[in-house]
Amino acid sequence: MDNFTVLQNIIQNRRSVKPALLNGQKIADEQIRSLLELANWAPTHGRTEPWRFVVFSGETIAKFSADHAALYKNNTPEDKYTEAKYEGLLHTADNASHVIAVYMKRLPEAKIPVVEDIAATAAAVQNILLGAEALGIAVLWSTGGMVHNPAMKTYFGLDQEDVMMGLLYMGHTNEPAVEGKRRSSGEEKSTWK
Ligand SMILES: Cc1cc2nc3c(=O)[nH]c(=O)nc-3n(C[C@H](O)[C@H](O)[C@H](O)COP(=O)(O)O)c2cc1C
């Protein structure tokens, strides 16, 4: 198979897998390290390399989940708070092997627009997702829970300009891959002049 076809298969077969579908099987830390190195090869304007990762595995996953649920409890107005969501956050990662929190770190000296550092960090995440697909690892890139709440920025010690990009729930699944869906083709979203 030529390189393009290999890459095309990886890109098109990659699917988001909900953490509820993970089976508890562990991923070797070495594989996670390899994926983080792939992330580091994302394009980066001004060489700011703004992607940052906090990796949870083993017992630290339960600790993070408890902290995430507590952030929800302590930062949600009473009329919006539900016990179901609290329990959901507590248990979302029960069968995950690793959870990676991703954020964009803005360098004080960065001159490029913020959106470009966010774009570079998103590209780094995509490198992880594609590498994971190639390794048969299931992932969900999630921005649920408290990801976009300022309390989570504080929890991870982010500065004002930094941006939480999401949580990657990673593991293995026994579920068959679902068929990918897109609203329209790339051609339909493109204009040639
Ligand atoms: C920035 C971002 C945040 C996302 N957050 C969530 C999320 O919180 N929950 C979820 O179920 N999926 C989330 N997704 C995954 C999308 O639902 C998924 O990519 C989409 O349904 C297309 O499916 P596919 O990734 O299998 O092609 C997110 C995707 C992106 C790019």
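Once a new chain begins, its residue numbering starts again from 1 and follows that chain's sequence as written. At least 70 in pLDDT is required for a residue's local features to be given in this predicted model, at least 80 for side-chain atom pairs to be given and counted, and no such filter applies to totals for whole chains, interfaces and linings, which use all residues. With hydrogens and water set aside, each side-chain value is computed from the structure's full complement of heavy atoms.

Caption draft 1: Broad picture of the pattern of salt bridges. When a carboxyl oxygen of Asp or Glu is within 4 Å of a side-chain nitrogen of Lys or Arg, the pair counts as a salt bridge. Under the counting rule described, the total for this entry stands at six salt bridges. One salt bridge in this structure joins Arg33 and Glu30, with 3.4 Å as the shortest N-O distance. Taken together, the positions of Arg33 and Glu30, both in helix 2 (residues 29-39) and three residues apart, correspond to about one turn of that helix. Any residue under 20% of the maximum accessible area for its type is buried, any over 50% is exposed, and the rest in between are partly exposed; the area is computed with a 1.4 Å probe on protein chains only. Under the relative-accessibility criterion, Glu30 is labelled exposed at 53%. Where Asp159 meets Lys105, a salt bridge forms, and the shortest distance between an N and an O atom there is 2.8 Å. On the criterion of sequence distance, the pair formed by Asp159 in the loop between helix 6 (150-155) and strand 4 (163-171) and Lys105 in the loop between strand 2 (98-104) and helix 5 (114-135) is long-range, its members being 54 residues apart. The network of salt bridges with common partners includes Lys105, Asp159 and Asp162. A helix here means a DSSP run of H or I that spans at least four residues, while a strand means a run of E at least two residues long, and both kinds are numbered starting from the N terminus.

Caption draft 2: Here's a closer look at the site of the ligand. Near the ligand, the surroundings consist of Arg14, Arg15, Ser16, Lys18, Leu140, Trp141, Ser142, Thr143, Gly144 and Arg182. Two N or O atoms form a polar contact when they lie within 3.5 Å of each other; inside protein one atom must be a possible hydrogen donor and the other a possible acceptor, and for residues adjacent in sequence the pair counts only when both atoms belong to side chains. A distance of 2.9 Å separates an oxygen atom of the ligand from a polar side-chain atom of Arg14. Across the complex, the protein chains shield 58% of the 620 Å² of accessible surface that the ligand would expose by itself. We call a residue near a molecule or strand as soon as one heavy atom of that residue lies within 4 Å of the molecule or strand. Working definition of accessibility: Shrake-Rupley area with a 1.4 Å probe, residue cover restricted to the visible protein chains.

Caption draft 3: Up close: the sheet that holds strand 1 (residues 51-57). One bridge is not enough; two strands pair if DSSP finds at least two bridges between them. Ordered by their spatial adjacency, four strands build an open sheet running 1-2-4-3, and the pairing between neighbours is antiparallel. Across the chains shown, the open sheet's two edge strands, defined by having one partner strand only, are strand 1 and strand 3 (138-142). Each adjacent strand pair in this sheet contributes to an overall mean axis angle of 20°, direction not counted. As judged from the seven bridges shared by strand 2 and strand 4, these two strands associate in the antiparallel manner. Looking across to strand 4, one finds that Val102 is bridged to Gly166. Of the strands in this sheet, strand 1, strand 2 and strand 4 touch helix 2, which is tilted by about 170° from strand 1. Along the sheet, helix 3 (residues 59-74) contacts strand 1, strand 2 and strand 4; its crossing angle with strand 1, the most-contacted strand, is approximately 110°. Working convention: axes come from line fits to C-alpha atoms, limited for helices to the stretch in contact. Angles between N-to-C directions cover 0 to 180 degrees. What makes two residues a contact is simply this: any of their non-hydrogen atoms within 4.5 Å.

Caption draft 4: Fine view of the nonpolar core. Joining through side-chain atoms within 4.5 Å is the link that ties buried Ala, Val, Leu, Ile, Met, Phe, Trp, Tyr and Cys residues into a set, and such a set is a nonpolar core. The biggest cluster of nonpolar side chains holds 26 residues, and the ones touching the most others in it are Phe56, Phe64, Val99, Met152, Phe156 and Met164. Every element with two or more residues in this core is listed here: helix 3, helix 4 (83-91), strand 2, helix 6 and strand 4. Ranked by residue count, the leading element in this core is helix 3, at five residues. Not counting chain neighbours up to four residues away, the residues in contact with Val99 comprise Val54, Val55, Phe56, Ile61, Phe64, Ala93, Leu168 and Tyr169.

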